[in-house]
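# Structural overview for review
Single-letter residue listing:
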2 protein chains.
Amino acid sequence: MKQVPIGVSARHIHLSVEHIEQLFGKGYELQVMKELSQPGQFAAAETVAVIGPKGKFDKVRILGPARGKTQLEVSRTDAFTLGLNPPVRESGHIEGTPGCTLEGPAGKIELTQGVIVAARHIHFHTEDAAKWGIADKQMLTVKVEGERSLVFEQVVARVSDQYALDMHIDTDEANAAGVKTGDTAIILA
Amino acid sequence: MKQVPIGVSARHIHLSVEHIEQLFGKGYELQVMKELSQPGQFAAAETVAVIGPKGKFDKVRILGPARGKTQLEVSRTDAFTLGLNPPVRESGHIEGTPGCTLEGPAGKIELTQGVIVAARHIHFHTEDAAKWGIADKQMLTVKVEGERSLVFEQVVARVSDQYALDMHIDTDEANAAGVKTGDTAIILA
């Protein structure tokens, strides 16, 4: 049985170096609060305010390290709160997505794009993927057991020797399935 | 193919006659704002404030007519906002569930129970159920197509000659599946 640990992603933001400096000051570096399941990735001590046309979140966690492009990942529920209509996208694919306003201690940024609802996906280390015969970008069907048991279709496989086995879903998906971080999913096909 | 229209339930409350009077005044009757898909059910013009240990919603829609017992239906996301941990329950089964505070123009109520996350379900008119060989209380497996396509298991069939065909899911479930009211689900088994 192909069992995968579940990691629930709450709303969070990845920032470019340029945007970190605009929000926190010249030469600023993010502080590591907590290591994440993916090697090298961390939850930063810092948060930013995110403002949309209809609502705001005062403290959105920054995930580090800095990336090439700033990207805000929200659930559909969060998107309604902000008053935005972001598409479901894989990480890094932000062309044509809506923007929002970011506010940090040192400044404010009007993003013109970068807000997405993250497509559910599973990170596989190359060895896990090889063992199970799973290819990068393959679409998987994954079951979650329990009183709200669900079968997720359209789950993207992402394979790299930089990854650790983990299924990432957002809070809407976790709540709909009645699961939390650390629960287990089963790849059906 | 057993196709069923989807109705997405946002957070809402059903009130007892006694509680309507405590919140709105002696002899008060709810005003019909909009008829719902189930015959005789309506969204009332009135809303109440709902207050939990950690947060509040200023305007929660009342659904009428009055019921025997007051029942607040929220998504898991809403429950986190309020700071409550309600169980997933079928409508009417509120024993042992948490309470909350309700506030209306004429008064305030400390509910000792009544907050649930509604179990997903399909209302069938007796004739639809007979045609498809579905029994009241049967657990169904139901697919929703789209870019976030999902298979919902543990979907309760509710059969009555008072019901119209409609699948009720909450906003977390709708967002996880990327669907909205009026979209279509397919009963697989």
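Per chain, residue numbering runs from 1 following the sequence as it is written. Written order determines the labels here, with chains lettered from A and ligands numbered from 1. Only residues with pLDDT of at least 70 get local features here, since the model is predicted, and only at 80 or more are side-chain atom pairs given and counted; chain-wide, interface and lining totals rely on the full set of residues. Side-chain numbers here rest on the full set of heavy atoms in the structure, without hydrogens or water.

## Here's the deal with the overall build of chain A
Rules: By the criteria applied, helices consist of DSSP H or I runs no shorter than four residues and strands consist of E runs no shorter than two, each listed in order from the N terminus. Only C-alpha atoms enter the radius of gyration; for comparison, a globular chain is expected to reach 2.2 Å times N to the power 0.38, where N is the number of residues. Relative accessibility under 20% of the residue-type maximum defines a buried residue, over 50% an exposed one, and the middle range a partly exposed one, all with a 1.4 Å probe and only protein chains included.
Of the regular secondary structure elements, chain A holds four helices and 15 strands. What you see for chain A is a C-alpha radius of gyration of 17 Å, in line with the 16 Å of a compact globule of 189 residues. Overall, chain A is about 50 × 35 × 30 Å in size when its C-alpha atoms are taken along their principal axes. A burial count over chain A gives 51% of its 189 residues as buried.

## Considering the relation of the copies chain A and chain B
Applied cut-off: The least-squares superposition of copies is restricted to C-alpha atoms, and to residues with a pLDDT of at least 70 in both copies. When checking whether two residues touch, look at their non-hydrogen atoms; a contact exists if any pair is within 4.5 Å.
By a simple turn and slide, chain A fits onto chain B: the slide is 0.0 Å along the axis, the RMSD is 0.0 Å, and the turn is 180 degrees. Considering both components of the superposition, the chain copies are consistent with a two-fold axis. Here 100% of the contact residues of chain A are again contact residues in chain B; the copies associate through an equivalent surface.

## Things to note about empty space enclosed by the protein
All names here are of chain B. The condition that has to hold: The pocket and cavity definitions rest on a 1 Å grid over protein atoms only: a 1.4 Å probe that fits but cannot leave marks a cavity, an open set with protein on both sides within 12 Å along at least five of seven lines marks a pocket, and residues lining either have an atom within 4 Å of a point. Grid points are joined across faces, edges and corners, and a volume is the space filled by probe spheres set on the points. Reported domain spans reflect what an automatic or database domain assignment gives.
All told, the structure shown has one cavity of 30 Å³ or more when counted by the stated rule. Estimates place the volume of the largest cavity at around 110 Å³. S9, E73, A118, I169 and D170 are the residues nearest the centre of the largest cavity, which is lined by 14 residues in total. In terms of residues, the lining of the largest cavity owes the most to one element, strand β14 (residues 166–170), which gives three residues. Split by domain, the residues of the lining of the largest cavity number at least three in each of domain 1 (10–117) and domain 2 (120–187).

## Focus: the pattern of salt bridges
Quick note on the threshold: For salt bridges, the criterion is a side-chain nitrogen of Lys or Arg within 4 Å of an Asp or Glu carboxyl oxygen.
Evaluated as defined, the whole model comprises 24 salt bridges over all chains. Of the charged contacts, one joins A:K131 and A:D128 as a salt bridge, the two residues approaching to 3.9 Å between their closest N and O atoms. On the criterion of helical spacing, the pair formed by A:K131 and A:D128 is a turn pair, its members being three residues apart in helix α3 (residues 126–132). Its relative accessible area of 58% is what places A:K131 among the exposed residues. Residues joined in a network through salt bridges with shared partners are A:R120, A:D170, A:E173 and B:R148.

## Let's talk about the confidence of the model for chain A
Operational definition: On a range of 0 to 100, pLDDT expresses the predictor's confidence in each residue.
For chain A, per-residue confidence averages 97 on the pLDDT scale, and residues scoring 70 or more make up 100% of the total. Model confidence for the complex is summarised by a pTM of 0.93, with the ipTM given as 0.90.

## Examining unusual backbone geometry
Cis geometry is adopted by the peptide bond preceding A:P65, which originates at A:G64 and carries an omega value of 0 degrees. Here A:P65 shows up in strand β5 (residues 56–67). Residue A:K137 is not a glycine yet carries a positive backbone phi of 80 degrees. Position of A:K137 among the secondary structure elements: in the loop between α3 and β12 (139–144). You will see that B:Q154, though not glycine, has its phi angle at about 55 degrees, which is positive. In this structure, B:Q154 sits in strand β13 (residues 150–160).

## As for the side chain of B:R148
Quick note on the threshold: Any pair of nitrogen or oxygen atoms within 3.5 Å is treated as a polar contact; in protein, a donor-acceptor pairing is required on top of that, and neighbouring residues in sequence qualify only through side-chain atoms on both sides.
Position of B:R148 relative to the elements: it lies in the loop between β12 (139–144) and β13. On the basis of relative accessibility, which here comes to 3%, the residue B:R148 falls in the buried class. Polar contacts involving the side chain of B:R148 include one to the side chain of A:D170, which spans 3.0 Å. For B:R148, the contacting residues outside a window of four places in its chain are A:V88, A:V117, A:A118, A:R120, A:D170, A:E173, B:N175, B:A176, B:A177 and B:G178.

## Here's the deal with the environment of B:Q31
Residues and elements named next belong to chain B. Looking at where Q31 falls in the secondary structure, it is placed in the loop between α1 (17–24) and β3 (32–35). By relative accessible area, Q31 is classed as partly exposed at 43%. As a C-alpha pair, Q31 and I62 span 31 residues in sequence and 9.9 Å in three-dimensional space. Not counting the four nearest positions on each side in its chain, Q31 is found in contact with F42, A43, A44, A45 and E46.

## As for the layout of surface pockets
Taking a probe equal in size to a water molecule and rolling it over the atoms shows the remaining empty space. All names here are of chain B. Where we set the bar: Three categories are distinguished: nonpolar for Ala, Val, Leu, Ile, Met, Phe, Trp, Tyr, Cys and Pro, charged for Asp, Glu, Lys and Arg, and polar for the others, with Gly belonging to the last.
Within this model, the second largest pocket holds a volume of roughly 960 Å³. As for the second largest pocket, its lining consists of 40 residues, and the residues nearest its centre are S9, H12, L36, L63 and H168. Counting residues per element, the lining of the second largest pocket draws most heavily on strand β1 (residues 2–9), which supplies five residues. Along the lines of polarity and charge, the residues of the lining of the second largest pocket split into twelve nonpolar, 16 polar and twelve charged. Each of domain 1 (10–117) and domain 2 (120–187) contributes no fewer than three residues to the lining of the second largest pocket.

## Some points on the packing of aromatic side chains
Residue and element names in this part refer to chain A. Which entries qualify depends on this criterion: Each pair of aromatic rings taken from Phe, Tyr and Trp, with Trp reduced to its six-membered ring, is defined by centres within 6.5 Å and is described as stacked if the planes are under 30 degrees apart, edge-to-face if over 60, and tilted in the remaining cases. In this analysis the charged atom, NZ for Lys or CZ for Arg, is taken to sit over a ring once it is within 6 Å of the ring centre and within 35 degrees of the ring normal.
As enumerated under the stated definition, the model contains four aromatic pairs over all chains in all. Note on F124 and W132: the rings are 6.4 Å apart at their centroids and 90 degrees apart in plane angle, and the pair reads as edge-to-face. Given a relative accessible area of 0%, F124 falls into the buried group. Seen from the ring of F57, R11 lies directly overhead, with NZ or CZ sitting 3.7 Å from the centre.

## Things to note about the interface of chain A and chain B
Heads up, the condition is: Buried surface area refers to the total accessible area, computed with a probe of radius 1.4 Å, that the two partners give up upon joining, counted for both partners together.
Counting from both sides, the interface comprises 22 residues of chain A and, opposite them, 22 residues of chain B. Both sides of the chain A and chain B interface together cover about 1900 Å² of buried area, and 43% of this is carbon and sulfur. A per-residue breakdown of the area chain A buries against chain B is headed by A:R148, A:E153 and A:N175, which together make up 28% of the total. Linking chain A to chain B there are six salt bridges. Between A:R148 and B:E173 there is a salt bridge; the shortest N-O distance is 3.3 Å. Between chain A and chain B we count 17 residue pairs in polar contact (both at pLDDT 80 or more) in total. Mapped onto the side of chain A that touches chain B, the elements with two or more residues apiece are α2 (76–82), β10 (115–118), β13 (150–160) and α4 (171–177) of chain A. Looking at the side of chain A that touches chain B element by element, the count peaks at five residues for β13(A).

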